[in-house]
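Residue-level structure breakdown
Here's the letter readout for the chains.
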Amino acid sequence: MTPVTRQEVLGLYRKIFRIAKKWQSASGQIEETIKEKEYIKNEAKALFRKNKNVTDPKLITQCIEECEARIEIGLHYNIPYPRPIHLPPMGLAHKQGRTLRHQEKLRKISKPIYLRSHDEVS
């Protein structure tokens, strides 16, 4: 990891914790605010720990883009949790075969950048 990339990653990590420190839930309830702050911190810790040994520059760039997208979406909608998405349904595919593989490929391609690592950690 280059020094510039390292600084960028550490900057994002600090930014997430600053956001968590100032976070207010949309409902305004103290319990909800505390719960959402903890979620933000735990999610950041888990994802950064999971990706700490990544050395491929393209994968690092992808992780940085995902992080930035999740920050912006969370701040815009005032919801720390990943936004729900509508993926193509699995339809009538059999449990194996070409149709199932094709549908799985479509689901993988249509998954937005801010949800790439969500299913792996949660």
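Residues numbered from 1 in each chain as written. Predicted model: local features only at pLDDT ≥ 70, side-chain atom pairs only at ≥ 80, totals over all residues. Heavy atoms only, no water.

1. Description of the overall build of the protein chain
To keep it simple, the criterion reads: Helix and strand labels come from DSSP, where a helix needs a run of H or I of at least four residues and a strand needs a run of E of at least two; each type is numbered from the N terminus. Here's how the labels work: a residue is buried when its accessible area is under 20% of the maximum for its type, exposed when over 50%, partly exposed in between, all with a 1.4 Å probe on protein chains only. Contact criterion: two residues are considered in contact whenever any of their non-hydrogen atoms come within 4.5 Å of each other.
Per the secondary structure count, the protein chain includes five helices and zero strands. When the helices and strands of the protein chain are placed in sequence order, the string is α-α-α-α-α. Here the protein chain holds 122 residues, and 26% of them are scored as buried. The long-range fraction of contacts in the protein chain, counting pairs at least 24 apart against all pairs at least 6 apart in sequence, stands at 67%.

2. Concerning the environment of T55
The topology assignment puts T55 in the loop between α2 (30-50) and α3 (57-77). Along the sequence, T55 and T2 sit 53 residues apart, while their C-alpha atoms lie 9.8 Å from each other.

3. Examining the packing of helix α1 (residues 3-22) against α3
We count it as follows: Where helices are involved, their axes are fitted lines through C-alpha atoms of the stretch in contact, as for all axes, and angles between N-to-C directions lie from 0 to 180°. Angle categories: roughly parallel below 35 degrees, roughly antiparallel above 145, roughly perpendicular from 65 to 115, and oblique for all the rest. Each helix crossing is assigned a hand: it is left-handed if the near helix lies turned anticlockwise from the far helix by less than a right angle, otherwise right-handed if that turn is clockwise. Under the scheme applied, nonpolar residues are Ala, Val, Leu, Ile, Met, Phe, Trp, Tyr, Cys and Pro; charged residues are Asp, Glu, Lys and Arg; polar residues are all the others, including Gly.
Contact geometry for α1 and α3: axes closest at 11 Å, N-to-C directions at 25°. On the basis of their axis angle, the class for α1 and α3 is roughly parallel. The crossing of α1 and α3 is left-handed. Facing T5, E8, V9, L12, K15, I16 and I19 of α1, the residues of α3 in contact are I60, I64, C67, E68, I71, E72 and L75. Of the residues assigned to the contact of α1 with α3, the class counts are nine nonpolar, one polar and four charged.

4. Considering α1
Defined as follows: Expected span, for any helix, means 1.5 Å times one less than how many residues it has. In this context, the arc is that of the directions from the helix axis out to the C-beta atoms.
When the terminal C-alpha atoms of α1 are compared, their 29 Å separation across 20 residues agrees well with the 28 Å that a helix rising 1.5 Å per residue should span. Residues of α1 that are buried: T5, V9, L12, I16, I19 and A20. The arc that holds every buried residue of α1, seen down its axis, measures 100°, which confines them to one face. For α1, the exposed residues set more than 90 degrees away from the buried face come down to P3, V4, R6, Q7, K21 and K22. On its buried face, α1 is in contact with α2 and α3.

5. Quick look at the side chain of S25
Basically, it comes down to this: Between N or O atoms, a polar contact is any pair within 3.5 Å; within protein, one atom must be a potential hydrogen donor and the other a potential acceptor, and residues adjacent in sequence are included only when both atoms are from side chains.
With respect to the element layout, S25 can be found in the loop between α1 and α2. Of note is the side chain of S25, whose polar atom sits 3.3 Å from the side chain of S27. A polar side-chain atom of S25 sits 3.2 Å from a polar atom in the side chain of T33. Residues in contact with S25, not counting those within four places in the same chain, are E32, T33, E36 and N78.

6. A word on α3
Here α3 spans 30 Å end to end across 21 residues, near enough to the 30 Å set by a 1.5 Å rise per residue. Of all the positions in α3, only I60, I64, E66, C67, A69, R70, I71 and G74 are classed as buried. Positive phi shows up at N78, right after α3, with a value of about 55°.

Shape is all these values report; function is a separate question.
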